[in-house]
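Per-entry structural report
Here is how the chains run, residue by residue.
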Amino acid sequence: MSTGRTGTVAAALAGALALAAFTAPAAEAADTGISVSQVVLNKGKPIVVGTTAEVEPTISFHVSWPAGYSMSTVDFSPFLYHGTTAAKGAESGGIYAGSYTCYEDGTRAADCEGTLYIDPPYRLDSNNDATTWKLAFHAMLWTKSGQVKSEEYLTGKGSVAVKRAAKVTVNAAPEPVAKGKTLTVTGTATRADWVKHKYTGFGDKLAKLQFREAGTSGYSTVKTVRANSTGALKTTVKAATDGYWRWTFGETATTGGATAAGDYVDVR
């Protein structure tokens, strides 16, 4: 594991701690006496990740440490892992802390808030990573000389679904169209492929075709259509009045939902 650690005191009873990765001096696993509670990860929502954009899910938690130690001699780095033990996940395939700030309360305890950090081309390399990730903390006690006295992995701190981002397009034609004539609505459903690092067809996905009449604010579902094997969507409707057409679909266990911007059609 790699490491980075900095800290500054914001007030007499407040401190700040920022971590970009993990510290990994050799030390035997042992009970550190560090305790973490009141964890809230990404506001309780799934983490949806695309192919290039960095994602920083929020995290907040309460931490306490044993007598004889201070903010400068303890570490408690949060990370996500799946499909292995916490120790192996932290070393080879975890999602690590971006930065967070901790405010001490004067009782060897602090409230912390910040983010985790996901750079998809480097952290997500398999579509099997779209699954439930477990949250753990890498806890360490340091000596004043900078050596790790003891360390452990605090597990069972929660979990979160990490999902592939999805997109959908729409095109309604012809434009304009005569009232009562056939309107063809097409589109393409895609989702992030973390192996190819691009969006690829979301084959066989069910999508709703929705319409919003001009001058109104709400969409209503007209029909449900299944995409073909490459994610292409196509159906026909009768043109009745001016308005906006769009495709939309909800999230699944592995993929986020998507909604296209409405395509306006003038009916004459």
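Just so it is clear, the structure is predicted and the values come from calculations on it, not from any experiment.

Structural notes on the overall build of the protein chain
- Within the protein chain, the secondary structure is distributed over two helices and 21 strands.
- In the protein chain, which comprises 268 residues, the proportion classed as buried is 44%.
- Excluding contacts between residues fewer than 6 apart, the proportion of contacts in the protein chain whose partners are at least 24 apart in sequence is 66%.
- Surface accessibility of the protein chain: about 12,900 Å² in total, with carbon and sulfur atoms responsible for 49%.

Overview of the pattern of salt bridges
- Scanning all chains against the criterion turns up two salt bridges.
- Note that Lys163 is salt-bridged to Glu251, the shortest N-O span being 2.7 Å. Pair noted here: Lys163 is in strand β11 (residues 159-164) and Glu251 is in the loop between β19 (243-249) and β20 (258-259), with a separation of 88 residues, a long-range link.
- The exposure class assigned to Glu251 is partly exposed, which follows from its relative accessible area of 49%.
- In this structure, Arg268 and Asp266 form a salt bridge, with 2.9 Å as the shortest nitrogen-oxygen distance.
- Note on Arg268: relative accessible area 66%, which makes it exposed.

Overview of the environment of Lys223
- When you line up the elements, Lys223 lands in strand β17 (residues 220-226).
- It is 6.0 Å that separates the C-alpha atoms of Lys223 and Lys208, two residues lying 15 residues apart in sequence.
- Filtering out sequence-adjacent residues up to four positions away, Lys223 remains in contact with Ala207, Lys208, Leu209, Thr235, Thr236 and Val237.
- Only 2.9 Å separates the side chain of Lys223 from the backbone oxygen of Thr236, close enough to count as a polar contact.

Examining the confidence of the model for the protein chain
- Residue-level pLDDT values for the protein chain average 88, and 89% of them are 70 or greater.
- The low-confidence segment residues 1-29, where pLDDT is below 50, has 81 contacts with residues more than four positions distant or belonging to other chains.

Concerning the state of the cysteines
- Taken as a whole, this structure holds one disulfide when the rule is applied.
- There is a disulfide in this structure between Cys102 and Cys112, and the S-S distance comes to 2.1 Å. The S-S bond linking Cys102 to Cys112 shows a torsion near 110°; that makes this disulfide right-handed. With Cys102 in strand β7 (residues 95-104) and Cys112 in strand β8 (residues 109-116), this residue pair connects regions lying ten residues apart in the sequence.
- Residue classification places Cys102 among the buried positions, given a relative accessible area of 0%.

Focus: the packing of aromatic side chains
- Applying the stated criterion across every chain yields a total of ten aromatic pairs.
- Between Phe61 and Phe137, the ring centres sit 4.9 Å apart and the planes meet at 70°, which makes this aromatic pair edge-to-face. Of the two residues, Phe61 sits in strand β5 (residues 58-64) while Phe137 sits in strand β9 (residues 132-142), which places them 76 residues apart along the sequence. Comparing Phe61 with Phe137, the two get one shared label, buried.
- Aromatic pair Tyr244 and Tyr264: ring centres 5.0 Å apart, planes at 55°, arrangement tilted. Taken together, the residues Tyr244 in strand β19 and Tyr264 in strand β21 (residues 263-265) connect sequence positions 20 residues apart.
- Members of the aromatic cluster, joined through ring pairs, are Phe61, Trp65, Phe76, Tyr100 and Phe137.
- The ring of Tyr199 is capped by Lys167, whose NZ or CZ atom sits 4.2 Å from the centre of that ring.
- Above the plane of the ring of Tyr244 lies Arg212, whose end atom (NZ or CZ) is 4.3 Å from the centre.

Quick look at the nonpolar core
- Formed by 35 residues in total, the largest nonpolar core has its most connected members in Ile34, Phe61, Val63, Trp65, Phe76 and Leu80.
- Looking at this core, the elements with two or more residues in it are β3 (35-41), β4 (47-49), β5, β6 (74-81), β7, β8, β9 and β11.
- Counting residues per element, this core draws most heavily on β9, at five residues.
- Membership of the second largest hydrophobic core comes to 24 residues, among which are Ala207, Phe211, Phe249 and Val267.

Here's the deal with the side chain of His62
- Following the sequence through the fold, His62 ends up in strand β5.
- His62 gets classed as buried once you look at its relative accessible area, which sits at 18%.
- Separated by 3.3 Å, the side chain of His62 and the backbone oxygen of Ala110 make a polar contact.
- Not counting the four nearest positions on each side in its chain, His62 is found in contact with Ser35, Val36, Ser37, Gln38, Asp105, Ala109, Ala110 and Asp111.

Rules of the game
- Residues numbered from 1 in each chain as written.
- Predicted model: local features only at pLDDT ≥ 70, side-chain atom pairs only at ≥ 80, totals over all residues.
- Heavy atoms only, no water.
- Helix = DSSP H or I, 4+ residues; strand = E, 2+ residues; numbered from the N terminus.
- Buried < 20%, exposed > 50% of the residue type's maximum accessible area, 1.4 Å probe, protein only.
- Contact = heavy atoms within 4.5 Å.
- Areas by Shrake-Rupley, 256 points an atom, 1.4 Å probe, with all protein chains shown as cover.
- Salt bridge = Lys/Arg side-chain N within 4 Å of Asp/Glu carboxyl O.
- Polar contact = N/O pair within 3.5 Å; in protein donor to acceptor, adjacent residues only side chain to side chain.
- pLDDT = per-residue confidence, 0-100.
- Disulfide = S-S within 2.5 Å.
- Phe/Tyr/Trp six-rings, centres within 6.5 Å; stacked < 30°, edge-to-face > 60°.
- Lys NZ or Arg CZ within 6 Å of the ring centre and 35° of its normal.
- Core = buried A, V, L, I, M, F, W, Y, C linked by side-chain atoms within 4.5 Å.

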